[in-house]
Amino acid sequence: MNGKERMLKAFMHEEPDRVPVWELAFNEASIIKLGRFFTDDVPPLKFAQEMTMEEKVKLLNTLFTLVRELELDGISSILLLGTEPVDQDHVKDGWGRIHRLSEEGELTAVAGPVSGPADLKNLKPYHPQQSEFIMLMAAKGNFPDELAQVVVQPGPFRESWMFLGSMEKLLYYYMKEPEFVHALARAATDWILELVDMAVELGADIIALDGDLAFSQTTLMSPAQYEEYVFPYHQEITEHVHRLGKLIFKHTDGNAGPIMEGIAAAGFDGFHPVQPQCMDIGEVKADYGDRLCILGNIDCMYLLPFGSEEEVEQSVKETIAAAAPGGGYIISSSNSIHPGCRPENYIAMVRAARKYGDYPIRIEG
Amino acid sequence: MQELMSKIADAIKTGEEEQAKALIEEGLRENLGPARILKDAMMPAMNEVGMLFSKGEVFIPELIVAAMAMEAGLEVLKPHLGEEGVGSGRVVLGTVYGDIHSIGKNLVRMCLEGAGFEVIDIGEDLRTEKFVDAYKEHSPDILGLSALLSSTMQRMPEVIEAVRAVDPGALIMVGGAPVTQEFADEIGASGYAPDAFEATLKANELLSGI
């Protein structure tokens, strides 16, 4: 059984030969630090934005090397949105959104083309460019059919607030301007559907719909607000992906408990990453395991950055015991392998998944 | 008179900015007294929304509109409050270096302002010296540090050390998704709160202890 078959079987809620191992994302520093365990040919430690084209290619090759060496079952590609520099710390994308660059590698919009209902007309549709999928094309070229190709795409909530450059503004309009909120979500969703078409055409097997809907304590919006402003767009996107014969899961950090029922009802095939500080994977599996494939849960907030390799192994063992029996579980960190994670701990996580992940699972729960 | 006070409180709770302003103006015309309007109508209303938020009975959108109505109301009220102002204390607030996330800090700012604090928000992704400079410039009663990532929260002890080198008695609160009470104790922070509303309770508690 190859990695792709293993991942797809988990999504079908069946037991593959072993628990699939996959990761949503690795930052540049994580790729380079992990890559050094397997190859000397790594680029210098810096952000992708500061790399030459040759160094970027080397970064991608280092990622492929570590995916191959660690025998991961799927590979994730992110969308590399075309941007132009504004100043040293900011770039502008095709929608006219200004993003602040960060050492943590995540682009976050700080200003958008729209400030409120009065200037909605400033929101001009932007269409995806094939060049923005260069990472997927390279991943597909390197692993044509043996690994599941996961493409991380924006979600309608996140993209809506990025149009405004502020999540608080969008949540304010939830209470004040329902039609405006729907107009933003519509524009975001139209773009996302085009992105899905292009991703599938270029070889995506699974879409990861990004954009947090929750924080540590609870969701960013009430269940009723989710039903009103997010659910219809989620449903439209999942139906579109299914029509194309592919799978889609929802990613959100935090405690998504209040809207989990909605996420399952919207037609997602899976849920990632079940942040262990906020959600109990045993409960999530019991309540939604028949409808959602569960992905994630190995803590990258404290355990992978500061824990020991023995503690990582113990956590993997316990998590597999809780979530893997019966299938429907893919192991990964509780978000991504960010620069704070010790590479030794990530390698220990993968090794422990191999040690305890053979089906049928034989760990006492 | 009591009816008008209730109406002001309701306008804050439901986030009706224009209504809150109009009712507060009416209250001032009817000599309800600015301090009384603030302390007996507006602050208890914001407090109630904050408590409901902490209990998970209302969500961020409700908290934001209440805070916006509070801010609109305070604008009307402030010129009438005299030299003492709102009087709860002054807080300088920022997100540590490497962290560009702002919503947690912004919610804390809104809640603190709703509780009558003067808040100076110095932004995100700030190097330690920025916190030190802002502390020297504004002499706050409390310095608040925010971080969303477990990697960036590691920069909090450095900020605490640098600010305490300037003022050994500095009151410094920390918060954000990865931050725990245990971590706050370990790095010598004066206070920690798990959410924006509890941050106002903790800030009041710290200042009442002076």
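Preceding this paragraph is the structure being described.
Residues numbered from 1 in each chain as written. Chains lettered and ligands numbered in written order. Predicted model: local features only at pLDDT ≥ 70, side-chain atom pairs only at ≥ 80, totals over all residues.

Residue and element names in this part refer to chain B. Pairing analysis gives seven bridges linking strand S1 (residues 89–96) to strand S2 (residues 117–126), with the strands arranged parallel. By the bridge assignment, leucine 93 is partnered in S2 with aspartate 121. Regarding topology, helix H5 (residues 103–114) serves as the crossover connection from S1 to the parallel S2, and that connection is right-handed. (Pairing = 2+ DSSP bridges. Helix = DSSP H or I, 4+ residues; strand = E, 2+ residues; numbered from the N terminus. Right-handed = clockwise from strand over helix to strand, strands pointing away.)

Once that is clear, we can look at the nonpolar core. Among the nonpolar cores identified, the biggest contains 185 residues, and Ile207 and Ile294 of chain A together with Ile8, Ile12, Met42 and Cys111 of chain B are the most heavily contacted of them. Per element, the largest residue contribution to this core is twelve residues, and it comes from helix H4 (residues 60–77) of chain B. When residues of this core are assigned to domains, at least three map to each of domain 1 (2–80) and domain 2 (89–208) of chain B. Sequence-distant contacts of cysteine 111 of chain B, that is, excluding residues within four places in its chain, are made with Gly50, Ala67, Ala196, Phe197, Ala199 and Thr200 of chain B. (Core = buried A, V, L, I, M, F, W, Y, C linked by C-beta atoms within 7 Å. Buried ≥ 20, exposed ≤ 12 C-beta atoms within 10 Å, placed from the backbone. Domains from an automatic or database assignment. Contact = placed C-beta atoms within 7 Å.)

Okay, the interface of chain B and chain A next. Across the boundary between the two partners, chain B contributes 22 residues, which contact 26 residues of chain A. Elements with a contribution of two residues or more to the side of chain B that touches chain A: H4 and H5 of chain B. In terms of residue count, H4 of chain B provides more of the side of chain B that touches chain A than any other element does, six residues in total. For the side of chain B that touches chain A, a count of residues per class yields twelve nonpolar, seven polar and three charged. (Nonpolar A, V, L, I, M, F, W, Y, C, P; charged D, E, K, R; others polar.)

We now examine the environment of histidine 99 of chain A. Residues and elements named next belong to chain A. Along the polypeptide, histidine 99 turns up in strand S4 (residues 98–100). The class of histidine 99 is buried, set by 22 C-beta atoms lying within 10 Å. Along the backbone, histidine 99 and glutamate 310 are 211 residues apart, and their C-alpha atoms lie at a distance of 39 Å. Each residue touching histidine 99, except ones within four places of it in the same chain, is listed here: Thr83, His90, Val91, Asp93, Leu107, Thr108, Ala109 and Val110.

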